[in-house]
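# Structural overview
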Amino acid sequence: MLSCAVLKKHKKFLNKMEELYKENLLDHNAHPHNKRVIEGVHVEAEARNASCGDRGVLMVAFDEHDRVTDAAFQGEGCAVSQAALSMLTDKLKGKTENELKLLSPGDIYTMLGVHISPGRVNCALLGYEALQKILKKPLHEKAPLCLH
Amino acid sequence: MNKLDSEIIKKDFPLLGKAKNLVYLDTAATSQTPQVVLDAMDAYYTKFRANIHRGLYEVGEDASAAYDDARTKVAHFIGAEPREVIFTAGATASSNMLIAMLEHSGVVKTGDEIVTTAMEHHASLIPLQELAKRHDLDLKHIPLAEGSVALNYEVVEKFITEKTKIVSVCLASNVTGTINDVARIAELAHKVGALVICDATAAIGHMSVDVKTLGADFIYFSGHKMCGPTGVGVLWGKAEILEKLEPGVYGGGIVEDVTLARATWRGIPERFEAGTPNIAGVIGLGAAVDYLEKVGVDDIRAHSMTLAEEAIARLEEIPGVRVFAEKDVAKNVGIVSFVIAGIHPHDVADILGKEGVAIRAGHHCAMPLVTDALGLPAVARASFYFYNTTEDVDALVRGIKKAQEIFK
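Given the structure is predicted, the values throughout are model-derived calculations rather than measurements.

Thresholds, definitions, all that
- Along each chain, residue indices are assigned from 1 in the same order as the chain's sequence is written.
- Note on labels: chains are lettered from A, ligands numbered from 1, in written order.
- In keeping with the model being predicted, local features are shown solely for residues with a pLDDT of at least 70 and side-chain atom pairs are shown and tallied solely at 80 or more, while totals for entire chains, interfaces and linings include all residues.
- Helix and strand labels come from DSSP, where a helix needs a run of H or I of at least four residues and a strand needs a run of E of at least two; each type is numbered from the N terminus.
- The exposure label follows from counting other C-beta atoms within 10 Å of a residue's C-beta, where the C-beta atoms are placed from the backbone and the thresholds are 20 or more for buried and 12 or fewer for exposed, leaving partly exposed in between.
- This entry defines residue contacts through backbone-placed C-beta atoms, with two residues in contact when those atoms are within 7 Å.
- Any set of buried Ala, Val, Leu, Ile, Met, Phe, Trp, Tyr and Cys residues joined through C-beta atoms within 7 Å is what this text calls a nonpolar core.
- Note: domain ranges come from an automatic or database domain assignment.
- Polar here means any residue outside two lists: the nonpolar Ala, Val, Leu, Ile, Met, Phe, Trp, Tyr, Cys and Pro, and the charged Asp, Glu, Lys and Arg; Gly therefore counts as polar.
- At least two bridges found by DSSP between two strands is the condition for calling them paired.
- Every axis corresponds to a line fitted to the C-alpha atoms, with the helix fit spanning only the stretch in contact, and the corresponding angles, defined between N-to-C directions, vary from 0 to 180 degrees.

Looking now at the overall build of chain A. Helices and strands together make up the secondary structure of chain A, namely 6 helices and 3 strands. Each helix and strand of chain A, ordered N terminal to C terminal, gives the series α-β-β-β-α-α-α-α-α. Residue burial in chain A is summarised as follows: out of 148 residues, 33% are buried. Residue pairs at least 24 apart in sequence account for 64% of intrachain contacts in chain A once pairs closer than 6 positions are excluded.

If you want it as structure tokens, here you go:
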């Protein structure tokens, strides 16, 4: 059984961790990664939070094996939505389409490392929502549909 | 500060009395509910639960009497006749139903103009947009005056023309608090024979409203921003106009005679209250009116004005904070929106929320105002009512400084 002192120490550690992750989130918000436009062939989708005015466009480029070669975003909104987009672009690189399909909202919360209250779920998942739209699109330009 | 003692007032509200740590600055979204309103609704459910205007038995008669009594109270509250007061499910329902009533009565035809403002809530704006689409009407929006959150009345004059059939303007903006001179606009509109609609939702219960001096032909509002319950609202119209209008929504209770092919309508207001209404909600709204009158609407107004003035002054002292509100508090209903440089309003609201300060962030269902006129993706909004105190303004200022500390 854990002694009281150990528990306290553990709690202090958790608080510190939370603080640390917060720093990480704020850092991604202030200095976002991959906040640019992909010039070459890529797939993109936009997601919005109508109620709070968050907006994000996620851009993902794939190679011929459906592996992500580049990911970037554009957008504006709260720190949670923009940091999540920034972290997501880092996370996507190198993953295959199938791996992207396996990403869950829980993965996004873990990635953010802060407690996401019900009111912030839409912010946290803005980039994820854009990714879901991308995954419904053809990843490569396909030849026009032939009916013969 | 003035006649009201908000510390005593807070005790009337279960949530404010118990949750000592709650600093509630989100009345513009929905107000808190005093115990007397809850008791009135409870009495209906526990003592005389029955449908209205039908049951020939005692509790049925009690329910009808309480419902009719609420109509009289609301009518007196706004200086109207009871038969001019139509109960609805809220301001949005009132707005949509009114547009349907006008449309069913053939009030507009292709090429007519509707004039509204850039500061309307979606509940007012979108039904007008859709009406304009259906009949190919020209919907014109009076902009905010340059560098201001109010209208320029010389510009208003230019917007209202012989082609104008409807002028729709809010009494107060739910974002900037700006109180519009509806009487002045109504006078211009009536000169060209246009109907005047006034969305009074952000203003009712926060300032005195008398339909006789307001000048509008119709006003509407919700109960839940004036200490009433959610899910109930009012549409008021001048009796002589209502008499000529078709129902907006059809169903039971509005008919005089029905055959398989057609129906004829009852008089007013029954013609516009199809179906079983929100009886408990209406009774609760009546109790809210009683309560507000007991406290005194003019005192409530003075109190909110003082707090808004203090909040504006103190927020403007903080470097990086920009206030988007009517700064002449005599023309502000008690709403102070703001942004903080480098911090998204949603983050501001989240940090304040964790400090126990309830404010709101977003476009506040007035997207054209926030995104186009003010040019912002969102704003944070603090709104004041008579249960707020100077300490609540202190908590707001502390929370803003904390947000700046976190984001520095």
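Moving on, we come to the nonpolar core. All names here are of chain B. In terms of nonpolar packing, the biggest core is built from 172 residues, with Cys 198 and Ile 283 touching the most fellow members. Among the elements that line this core, the one with the most residues is helix α11 (residues 279-295), at 10 residues. Each of domain 1 (6-31 + 296-407) and domain 2 (37-293) accounts for three or more of the residues forming this core. Beyond its immediate chain neighbours, meaning those up to four positions away, Cys 198 contacts Val 169, Leu 171, Val 182, Leu 214, Ala 216, Phe 218 and Ile 219.

It is worth spelling out the environment of Val 59 of chain B at this point. All names here are of chain B. Structurally, Val 59 can be placed in helix α4 (residues 58-77). On the basis of neighbour count, Val 59 is assigned to the partly exposed category, with 14 C-beta atoms found within 10 Å. With 10 residues separating them along the chain, Val 59 and Arg 49 place their C-alpha atoms 6.6 Å apart.

Attention shifts here to the domain arrangement of chain B. Residue and element names in this part refer to chain B. Split by domain assignment, chain B resolves into domain 1 (6-31 + 296-407) and domain 2 (37-293). The gap between the C-alpha centroids of domain 1 and domain 2 is 27 Å. Across the contact, 30 residues belong to domain 1 and 29 residues belong to domain 2. For the side of domain 1 that touches domain 2, the secondary-structure elements that each account for two or more residues are α12 (297-317), β12 (335-340), α14 (367-373) and β15 (379-383). For the side of domain 1 that touches domain 2, the leading source of residues is α12, giving 6 residues. Along the lines of polarity and charge, the residues of the side of domain 1 that touches domain 2 split into 17 nonpolar, 8 polar and 5 charged.

The next thing to look at is the interface of chain B and chain A. At the interface, 10 residues of chain B touch 10 residues of chain A. For the side of chain B that touches chain A, the secondary-structure elements that each account for two or more residues are α13 (345-354) and β14 (360-362) of chain B. Sorting elements by how many residues they give to the side of chain B that touches chain A places α13 of chain B first, with 3 residues. Grouping the amino acids of the side of chain B that touches chain A by side-chain chemistry returns 4 nonpolar, 4 polar and 2 charged.

Residue and element names in this part refer to chain B. Across the sheet, which stays open at both edges, the 7 strands sit in the order β2-β8-β7-β6-β5-β3-β4 with mixed pairing between neighbours. Only two strands of the sheet have a single partner each, and these edge strands are β2 (85-88) and β4 (138-142). Averaged over all adjacent pairs, the angle separating strand axes in this sheet is 20 degrees, with direction ignored. By the bridge criterion, 3 bridges tie strand β6 (residues 195-199) to strand β7 (residues 218-222) in an arrangement that is parallel. Across the sheet, residue Asp 199 finds its bridge partner in β7, namely Tyr 220. Set on the sheet, helix α6 (residues 122-135) makes contact with β3 (113-117), β4, β5 (164-170) and β6; between it and β3 the angle comes to about 160 degrees.

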